[in-house]
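For reference, the chains in residue letters:
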Amino acid sequence: MEYYLPSFQSCYRDAKVGATMCLYNSVDGVHSCADMYLLQDILRDFYGFARDRWITSDCDAVRDIYSPHATATAEL
């Protein structure tokens, strides 16, 4: 994953894009739209992607957290 991060850093931190979209794929077994390491630690905290910029999900990505990826249960 670290191989790809410098390109995203150029967009999110340096160019200060206003929005991004997480995808419905998994990275290291964790659904990207539910990955706190990618969304919070890297994107928000390290790249400084402020709260006035937004993250949206890819088509059906939030549904896919529950099925078929089964990252979370319906009780959450």
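What comes next is a walk through the structure. (Residues numbered from 1 in each chain as written. Predicted model: local features only at pLDDT ≥ 70, side-chain atom pairs only at ≥ 80, totals over all residues. Heavy atoms only, no water.)

### Structural notes on unusual backbone geometry
Right, on to step 1. A positive phi is found at lysine 16, a non-glycine position, where the angle reads about 55°.
Right, on to step 2. Since its relative accessible area comes to 58%, lysine 16 is described here as exposed. (Buried < 20%, exposed > 50% of the residue type's maximum accessible area, 1.4 Å probe, protein only.)

### Considering the pattern of salt bridges
Right, on to step 1. By the definition in use, this model includes one salt bridge.
Right, on to step 2. The residue arginine 13 makes a salt bridge to aspartate 14 at a minimum N-O spacing of 2.8 Å. (Salt bridge = Lys/Arg side-chain N within 4 Å of Asp/Glu carboxyl O.)

### Concerning the state of the cysteines
Throughout this description, disulfide means a covalent bond between two cysteine sulfur atoms.
Right, on to step 1. Evaluation of the coordinates by the stated rule reveals one disulfide.
Right, on to step 2. A sulfur-sulfur separation of 1.9 Å characterises the disulfide bridge that pairs cysteine 22 with cysteine 33. Since a negative S-S torsion denotes a left-handed disulfide, the cysteine 22-cysteine 33 link at about 100° is right-handed. You can see cysteine 22 sitting in strand β1 (residues 19-22) and its partner cysteine 33 sitting in the loop between β3 (30-31) and α2 (36-46), a full 11 residues away along the chain. (Disulfide = S-S within 2.5 Å. Helix = DSSP H or I, 4+ residues; strand = E, 2+ residues; numbered from the N terminus.)

### Considerations on the environment of cysteine 59
Right, on to step 1. Structurally, the position occupied by cysteine 59 is in the loop between β4 (54-57) and α3 (61-66).
Right, on to step 2. For cysteine 59 and tyrosine 24, which are 35 residues apart along the polypeptide, the C-alpha to C-alpha distance reads 7.7 Å.

### Some thoughts on helix α1 (residues 5-14)
Right, on to step 1. Along α1, the residues classified as buried are Leu5, Gln9 and Tyr12. Considered in projection along α1, the buried side chains sweep an arc of 90° and stay on one side of the axis.
Right, on to step 2. Looking at the buried residues of α1, the elements they touch are β1 and α2. (Arc of directions from axis to C-beta. Contact = heavy atoms within 4.5 Å.)

### Describing the packing of aromatic side chains
Right, on to step 1. For the structure shown, the criterion picks out five aromatic pairs.
Right, on to step 2. When the centroid spacing of 5.7 Å and the interplanar angle of 45° are considered together, the rings of phenylalanine 46 and tyrosine 47 count as tilted.
Right, on to step 3. Judged by relative accessible area, which is 4%, tyrosine 47 ranks as buried.
Right, on to step 4. These aromatic residues form a ring-pair network of at least three members: Phe8, Tyr12, Phe46, Tyr47 and Phe49. (Phe/Tyr/Trp six-rings, centres within 6.5 Å; stacked < 30°, edge-to-face > 60°.)

### A few points about the pairing of β1
Right, on to step 1. Here β1 shows one buried face, formed by Thr20 and Cys22, and one open face, formed by Ala19 and Met21.
Right, on to step 2. In terms of strand pairing, β1 meets β4 through four bridges, oriented parallel. Of the residues in β4, the one forming a bridge with methionine 21 is threonine 56. (Pairing = 2+ DSSP bridges.)

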